[in-house]
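Residues per chain are reported as follows:
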Amino acid sequence: MSIARPARRIAVLISGTGSNMLALLDACARGDVAGEVVTVISDQPQAAGLSKAAARGVPVEAIPYEPGESRHDHDLRLRRAIEQRGADLVVLAGYMRILDVQFVQHFADRMLNIHPSLLPRHKGLHTHRRVLEAGDLVHGASVHYVTPELDGGPCVLQGYLAVRAGDDAESLRLAVHRIEHVIYPRVVGWAASGRLTILDGLPTLDGVPLQQPLREEFARS
Ligand code: GRF
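The rules behind the values
In every chain, residue numbers begin from 1 and rise along the written sequence. Thresholds applied to this predicted model are a pLDDT of at least 70 for local features of residues and 80 or more for the giving and counting of side-chain atom pairs; totals over whole chains, interfaces and linings are not thresholded and use all residues. The basis for the side-chain values is all heavy atoms of the structure; hydrogens and waters are excluded. Within this scheme a cavity is a closed region of a 1 Å grid, computed over the protein atoms alone, that accommodates a 1.4 Å probe without allowing it to escape, whereas a pocket is open but has protein on both sides within 12 Å along at least five of seven lines; lining residues each have an atom within 4 Å of a point. Grid points are joined across faces, edges and corners, and a volume is the space filled by probe spheres set on the points. Helix and strand assignments come from DSSP, with helices taken as H or I runs of at least 4 residues and strands as E runs of at least 2, each series counted from the N terminus. Amino acids outside the nonpolar list (Ala, Val, Leu, Ile, Met, Phe, Trp, Tyr, Cys, Pro) and the charged list (Asp, Glu, Lys, Arg) are all regarded as polar, and Gly is one of them. Residue exposure (1.4 Å probe, protein chains only): buried if accessible area is under 20% of the type maximum, exposed if over 50%, otherwise partly exposed. None of His or the chain ends enter the tally, which takes Lys and Arg as positive and Asp and Glu as negative. Every case where a carboxyl oxygen of Asp or Glu lies within 4 Å of a side-chain nitrogen of Lys or Arg is listed as a salt bridge. Think of a polar contact as two N or O atoms within 3.5 Å of one another; within protein, one of them needs to be a possible hydrogen donor and the other a possible acceptor, and neighboring residues in sequence only count if both atoms come from side chains. When checking whether two residues touch, look at their non-hydrogen atoms; a contact exists if any pair is within 4.5 Å. Two strands are counted as paired when DSSP detects at least two bridges linking them. Every axis corresponds to a line fitted to the C-alpha atoms, with the helix fit spanning only the stretch in contact, and the corresponding angles, defined between N-to-C directions, vary from 0 to 180 degrees.

As a volume, the largest pocket reaches approximately 990 Å³. Residue lining of the largest pocket: 37 residues in total, with Gly94, Tyr95, Met96, Ile114 and Pro116 positioned closest to the centre. Of all the elements in the fold, those that place two or more residues in the lining of the largest pocket are α1 (19-30), α4 (101-106), β5 (111-115), α5 (127-134) and α6 (169-193). With four residues, α6 is the largest single contributor of residues to the lining of the largest pocket. For the lining of the largest pocket, the residue count by class is 16 nonpolar, 16 polar and five charged. Taken as a whole, the second largest pocket holds about 160 Å³ of empty space. As for the second largest pocket, its lining consists of 12 residues, of which Arg5, Ala7, Asp109, Arg110 and Thr197 are closest to the centre.

Structural data, given as structure tokens:
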């Protein structure tokens, strides 16, 4: 059985409210994640999540795009900020910018994302509306490694629930968020403790390659 190197110093990238970031901070505080969030960085200086993280005593930083700045140059600044904090795991939690390919390659196998759909269905934006339009009977969230293909990296864990007749995009958003707050800290915890890595392109948990993502059903509240 191969055990990965633990990734205990975590950088979280956000653009908005940061509820997944807060769920991760809570999980670290409870001891469920054997790691520490060493920085929260946003491309949006006004992101609500930044002040929430600062209120918890986490170092925060806003790294907005400068006028005319290329993605490559911006993401190089982002990389330096992450490295200055000594982070060994990058957690995307509602970071709404597409990342430069070289940035992604630099953090290959060390960067996770959460996406509000059951990938590979509904990559991209407006997933809840698209689930309803498609008449899907199940919906959920996916935690995956980040590769240059948008929302296309190998999935580790998916949480799913039944779509109800009366659902609208907002009820699905709320229900899926509840799933996210459970499954994302769990996967980050696996990475932090060294149980999860990527071997030969496949997420590998406790030495067992995941040919398919792990899946967990969630009840509707
Ligand atoms: C989540 O729905 C996540 O799946 C997506 O962005 C949203 C971030 O929400 N990537 P929050 O800022 O964590 O509340």
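The next subject is the side chain of Asp151. Along the chain, Asp151 falls in the loop between β6 (138-145) and β7 (155-162). Of the side chains with opposite charge, Arg130 comes closest to the buried, unpaired Asp151, at an N-O distance of 7.2 Å. Reaching out from Asp151, the side chain makes a polar contact with the side chain of His115 at a distance of 3.5 Å. Within the local environment of Asp151, its side chain forms a polar contact with the backbone nitrogen of Gly124, the two atoms lying 2.8 Å apart. When neighbours within four sequence positions are excluded, Asp151 is seen to be in contact with Asn113, His115, Leu119, Lys123, Gly124 and His144.

Across the sheet, which stays open at both edges, the eight strands sit in the order β3-β2-β1-β4-β5-β6-β7-β11 with mixed pairing between neighbours. Here the strands that pair on one side only, and so sit at the sheet edges, are β3 (60-62) and β11 (214-217). For this sheet, the mean angle separating the axes of adjacent strands, direction not counted, is 20°.

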